[in-house]
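# Architecture at a glance
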Amino acid sequence: MKGGSEDFFRLLLPEDVSMVLVDEAAVKVRLGDERPDAVILVHGAGDEWQGVARTLGDVFPHIPLILCSPDPSPHTVVRGMDLGAVDYLPFPPERDALHRALQRALRCKGYSSPAVEDRSPLERLVGKSESIVKIREYISVVARVKETVLIQGPTGTGKELVARILHDLSPRREMPFVAVNCGALPPSLIEAELFGTEEGAYTDARRRPGLFEQADGGTLFLDEVGELPADLQVKFLRVLEEGSVVRVGGHRSIRVDVRVVCATHRDLAGEVKRGRFRADLFYRINVLKISIPPLTDRKEDIPLLASYFTRMLADQYGCPARISSGAMDRLLSYDWPGNVRELKNVLTRAVLEARFRGLEMITPDLVRFE
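Residues numbered from 1 in each chain as written. Predicted model: local features only at pLDDT ≥ 70, side-chain atom pairs only at ≥ 80, totals over all residues. Heavy atoms only, no water.

## Here we look at the nonpolar core
As a rule of thumb, soluble globular proteins bury nonpolar side chains together. As a reminder, the rule being used: In this text, buried Ala, Val, Leu, Ile, Met, Phe, Trp, Tyr and Cys residues form a nonpolar core when linked through side-chain atoms within 4.5 Å. Burial classes: relative accessible area under 20% of the type maximum marks a residue as buried, over 50% as exposed, and values in between as partly exposed (1.4 Å probe, protein chains only). Put simply, DSSP marks the helices as runs of H or I at least four residues long and the strands as runs of E at least two long, and each gets a number from the N terminus on. Contact criterion: two residues are considered in contact whenever any of their non-hydrogen atoms come within 4.5 Å of each other.
Residues Leu-65, Leu-331, Trp-336 and Leu-343 are the most contacted members of the largest nonpolar core, which totals 38 residues. When contributions to this core are tallied by element, the ones reaching two or more residues are strand S1 (39–42), helix H3 (48–59), strand S2 (65–69), helix H14 (302–317), helix H15 (325–333) and helix H16 (339–357). The element contributing the most residues to this core is H16, with eight residues. Once you skip the residues sitting within four places of it in the chain, Leu-65 turns out to touch Val-39, Leu-41, Ala-53, Leu-56, Ala-85, Val-86 and Asp-87. In this structure, Ala-215, Leu-228, Val-260 and Leu-268 belong to the second largest nonpolar core, which totals 32 residues.

This is the structure in structure tokens:
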């Protein structure tokens, strides 16, 4: 949040929402200590905000980001969504719009409104292909047990979505869902993030729980688990075997009851053969396995996904939700190296440009692969 915005947002935020003003230079330290439910990043016309948004997405992927700009052009909105923002508001935002954005951010973190809870979480895994149907059936069975799950699939296929659905269908649904991208955290930070720290563990270290403790009673999702350094693989295995963690700089074992869901785009079995991943850890996390195919292998799902995303974007931005047949042909003819994430980004750009031009339908020229 930029300086000068603090008093303004104090007047708009609900009474039960706390707020902290974060300087861009101290964003990692302050957010690591404060652990907010959401972040509102107010930015100007320059590009400096993109570095901060990228840092938030890489280091704190479990904290929803709301961007706020005095000039939310289609380009800046799409760029913000590319960087992981869950919402984009004009500055100054209206009170109701800000409250709705906060509600959506909380849902992204794992909380749900009654309207959302009335729907089956499996409906969020959109598709009619044989592979997606089988994944939904498998999830409905394994969600109820505590065993570790390994989700494999290319980047952008929806591995975190599957992890969230597993949590929402489990007996742990009322407890926290905590997500972390192991590949985005530097080795010097990831140990403290996972296991917590005791005061004095290093310079300026404070006593605070790690992600295992924060997920106690719920689910911990470790994305890109194949990026864990070798020494942390040993410590991670010990937590899985013993059900307890020791904070950095501490000596006391802290019991945790966590269902662990791991994900990777790598071939972990191959990584084990090459000596890059511990065999004992691989066998421990590969108890239940879900493989998500790339979007190019299930193109029959593209019309359903496109309809789902455009309806969602229409509700969010008041944009047109119809796709012309020519635009759909372009979507179906593309190979989608970025998978479902790329499809959503392409449609976000198309929907916002349609609104910017005053069009009532997404036309082929708006479907651009950049």
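## Looking at the sheet that holds strand S6 (residues 219–223)
Within a sheet, each strand pairs with its neighbour through backbone hydrogen bonds, oriented either parallel or antiparallel. In plain terms, the rule: Should DSSP find at least two bridges between two strands, the strands are taken to pair. As a rule, the C-alpha atoms of each element are fitted with a line to give its axis, helices using only the stretch in contact, and angles between N-to-C directions run from 0 to 180 degrees.
If you walk across this open sheet you meet the five strands as S5-S6-S9-S4-S10, and the pairing is parallel. The strands lining the two open edges of the sheet, one partner per strand, are strand S5 (177–181) and strand S10 (288–291). Going from strand to strand, the sheet's axes swing by 15 degrees on average, the running direction of each strand aside. Pairing geometry for strand S4 (residues 149–152) and S10, over four bridges, is parallel. Considered in S10, the bridge of Gln-152 is made with Ser-291. Of the strands in this sheet, S4, S5, S6, strand S9 (259–264) and S10 are in contact with helix H8 (residues 159–168), which crosses S4 at around 150 degrees.

## Quick look at the sheet that holds S1
Across the sheet, three strands lie side by side as S1-S2-S3; this open sheet has parallel pairing. Two strands close off the open sheet at either side, each with one partner strand: S1 and strand S3 (87–90). Between one strand and the next, the sheet's axes are offset by a mean angle of 25 degrees, whatever the strand orientation. As defined by bridge partners, S2 adjoins S3 across four bridges and the pair is classed as parallel. Residue pairing in the sheet places Cys-68 in a bridge with Leu-89 of S3.

## A word on the pattern of salt bridges
Filter applied, for reference: A pairing counts as a salt bridge when a side-chain nitrogen of Lys or Arg comes within 4 Å of a carboxyl oxygen of Asp or Glu.
One pass over the structure, following the stated rule, counts 19 salt bridges. Between Asp-257 and Arg-172 there is a salt bridge, with the nearest N and O atoms lying 2.8 Å from each other. With Asp-257 in the loop between strand S8 (253–255) and S9 and Arg-172 in the loop between H8 and S5, the pair connects residues that are 85 residues apart, well separated along the chain. Overall, Arg-172 belongs to the buried group, its relative accessible area being 13%. A salt bridge links Lys-299 to Asp-335; the shortest N-O distance between them is 3.8 Å. Residue Lys-299 is found in the loop between S10 and H14, and its partner Asp-335 is found in the loop between H15 and H16; the two are separated by 36 residues along the sequence. If you follow the salt bridges from partner to partner, you end up with Glu-353, Arg-357, Asp-365 and Arg-368 in one network.

## Digging into the pairing of S5
Taking burial as the measure, the five residues of S5 include four buried ones, the bulk of the element. Alignment of S5 against S6, held across five bridges, turns out to be parallel. Residue pairing in the sheet places Asn-181 in a bridge with Asp-223 of S6.

## A word on the environment of Gly-326
Here Gly-326 is to be found in helix H15. With 37 residues separating them in the primary sequence, Gly-326 and Thr-363 have C-alpha atoms 6.8 Å apart.

## Remarks on the packing of H14 against H15
Just so we agree on the cut-off: Each angle gets one of four labels, with under 35 degrees taken as roughly parallel, over 145 as roughly antiparallel, 65 to 115 as roughly perpendicular, and the rest as oblique. Left-handed is the label given to a crossing in which the near helix is rotated counterclockwise from the far helix by less than a right angle, and right-handed is the label when the rotation is clockwise. Side-chain classes follow a simple rule in which Ala, Val, Leu, Ile, Met, Phe, Trp, Tyr, Cys and Pro form the nonpolar group, Asp, Glu, Lys and Arg form the charged group, and the remainder, Gly included, forms the polar group.
Across the interface, H14 lies against H15 with an axial gap of 10 Å and an inter-helix angle of 120 degrees. Between H14 and H15, the interaxial angle falls into the category oblique. In this structure, H14 meets H15 at a crossing whose hand is right-handed. Residue-level inspection shows Ile-302, Pro-303 and Ala-306 of H14 in contact with H15, the latter providing Met-328, Leu-331 and Leu-332. Grouping the amino acids of the contact of H14 with H15 by side-chain chemistry returns six nonpolar, no polar and no charged.

## Points about the state of the cysteines
What counts is decided by this rule: Cysteine sulfur atoms that pair up within 2.5 Å are treated as a disulfide.
According to the stated counting rule, one finds zero disulfides in the structure shown. In this structure Cys-182 is not part of a disulfide, and its nearest cysteine sulfur, from Cys-262, lies 7.6 Å away.

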